[in-house]
Amino acid sequence: MNAREEILGRVRRAIADVGGGDPTQDVEVPWQFGRSTPMPDIWDRFTERVEDYRARVVRCSADEVAGQVTAALSATGARRVVAPEGLDVVWQQQLRESGFDLVLDPSGAVTLDASELDRIDAVVSAAAVGIAETGTLVLDHRPDQGRRALTLVPDVHVCVVGADQVVSDVPEAVARLAESVAAGLPLTWISGPSATSDIELDRVEGVHGPRTLVVILAG
């Protein structure tokens, strides 16, 4: 008898007295995948967790978004800004009127390569989902979020997430993103600005993505 046969023999002996019922019916699980996890204030939790990653959160009404986006960009010193073509037209207009050099990136087309994006100061995008428990933003790269490189190469990312887009935890986020996955859309999960550290734990930001992340929580 070789080792494989010995192991399988032990397994057979161990389960010899196990009935043939449906194992999924053995234990009742009082939890449903994708159901919201109760928490005192989902937006407070989201804000706290995002800021734990050294990102900045600005909470405002839907009418104040355009002004808060331009204020966030001005605070970083950005002047040349890229945005997906599907970004809210009111936000686009506010950026132009505030003196920013706004470059639009069309959906389904690559007008700026990585080297050109590297000369852009900042990017503004919307989001698909915000996760309160982990402080994570998820982009599914629809027209108001743009292609993946757009939000990974520039040094500053200003991301607008609606209050109704914030969910409690990862399982609820996955359930909400099911339609995007079924449509074959890519997903980018963002937990704070890009950061890494070497063996001596020296923190370096901006290696794998934007060095600065500002989240506008609208509504």
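These numbers were taken from a predicted model, which means no experiment stands behind them.

**Some words on the overall build of the chain**
Broken down by element type, the chain carries seven helices and 12 strands. Here the C-alpha atoms of the chain give a radius of gyration of 23 Å, more than 25% beyond the 17 Å that 2.2 N^0.38 yields for 219 residues. When each of the 219 residues of the chain is scored for burial, the buried share is 39%. When contacts within the chain are restricted to residue pairs at least 6 apart in sequence, long-range pairs at least 24 apart make up 70% of them. About 12200 Å² of surface is accessible on the chain, with carbon and sulfur atoms providing 52% of the total. Side chains of the chain give 20 positive and 34 negative charges; the mean places of these two sets differ by 4 Å.

**With respect to the packing of helix α3 (residues 65-76) against helix α4 (residues 89-97)**
Where α3 meets α4, the axes come as close as 9 Å, and the angle between the chain directions of the two elements is 45 degrees. The angle between α3 and α4 places the two elements in the oblique class. Taken as a pair, α3 and α4 cross one another with a handedness that is right-handed. For the pair α3 and α4, contact is made by V65, A66, G67, V69, T70 and L73 and by V90, W91, Q94 and L95, respectively. Each residue belonging to the contact of α3 with α4 can be placed in one class, and the counts come to seven nonpolar, three polar and no charged.

**A look at the side chain of Q145**
Mapped onto the secondary structure, Q145 falls in the loop between β6 (136-139) and β7 (156-162). A polar atom in the side chain of Q145 sits 2.8 Å from the backbone nitrogen of D140. One polar contact links Q145 to D144, side chain to side chain, over a distance of 3.1 Å. Setting aside residues up to four positions removed in sequence, Q145 forms contacts with P84, S125, A126, A127, A128, V138, L139, D140 and T151.

**Looking at the pattern of salt bridges**
All chains considered together, the criterion is met by eight salt bridges. Across the salt bridge formed by R45 and E133, the nearest N and O atoms sit 2.7 Å from each other. Taken as a pair, R45 in helix α2 (residues 42-52) and E133 in the loop between β5 (129-131) and β6 lie far apart in primary sequence, 88 residues in all. In this structure E133 comes out as partly exposed when scored by relative accessible area, which is 31%. A salt bridge links E133 to R49, with the shortest nitrogen-to-oxygen separation between them at 3.1 Å. Here the residue E133 occupies a position in the loop between β5 and β6, and R49 occupies one in helix α2, the gap between them amounting to 84 residues. Residue class for R49 comes out partly exposed when judged on its relative accessible area of 23%. Through salt bridges with shared partners, a single ionic network connects R45, R49 and E133.

**Thoughts on the sheet that holds strand β2 (residues 80-84)**
Sheet strands pair by backbone hydrogen bonding; their relative direction is either parallel or antiparallel. Read across the sheet, six strands follow the order β1-β12-β7-β4-β2-β3 without closing on themselves; strand pairing throughout is parallel. Both edges of this open sheet fall to β1 (56-60) and β3 (101-105), since each of them pairs with a single strand only. Strand-to-strand twist of the sheet, defined as the mean angle between neighbouring strand axes without regard to direction, takes the value 20 degrees. In this fold α3 packs onto β1, β2, β4 (122-126), β7 and β12 (212-218), with an angle of close to 160 degrees to the strand it touches most, β7. Together, β2, β3, β4 and β7 form the strand contacts of α4, whose direction differs from that of β3 by roughly 150 degrees.

Cut-offs applied
- Residues numbered from 1 in each chain as written.
- Predicted model: local features only at pLDDT ≥ 70, side-chain atom pairs only at ≥ 80, totals over all residues.
- Heavy atoms only, no water.
- Helix = DSSP H or I, 4+ residues; strand = E, 2+ residues; numbered from the N terminus.
- Rg over C-alpha atoms; globule rule 2.2 N^0.38 Å.
- Buried < 20%, exposed > 50% of the residue type's maximum accessible area, 1.4 Å probe, protein only.
- Contact = heavy atoms within 4.5 Å.
- Areas by Shrake-Rupley, 256 points an atom, 1.4 Å probe, with all protein chains shown as cover.
- Lys, Arg positive; Asp, Glu negative; His and termini not counted.
- Charge placed at Lys NZ, Arg CZ, Asp CG, Glu CD.
- Axes fitted to C-alpha atoms, helices over the stretch in contact; angles between N-to-C directions.
- Parallel < 35°, antiparallel > 145°, perpendicular 65-115°, else oblique.
- Left-handed = near helix turned anticlockwise from the far one by under 90°.
- Nonpolar A, V, L, I, M, F, W, Y, C, P; charged D, E, K, R; others polar.
- Polar contact = N/O pair within 3.5 Å; in protein donor to acceptor, adjacent residues only side chain to side chain.
- Salt bridge = Lys/Arg side-chain N within 4 Å of Asp/Glu carboxyl O.
- Pairing = 2+ DSSP bridges.

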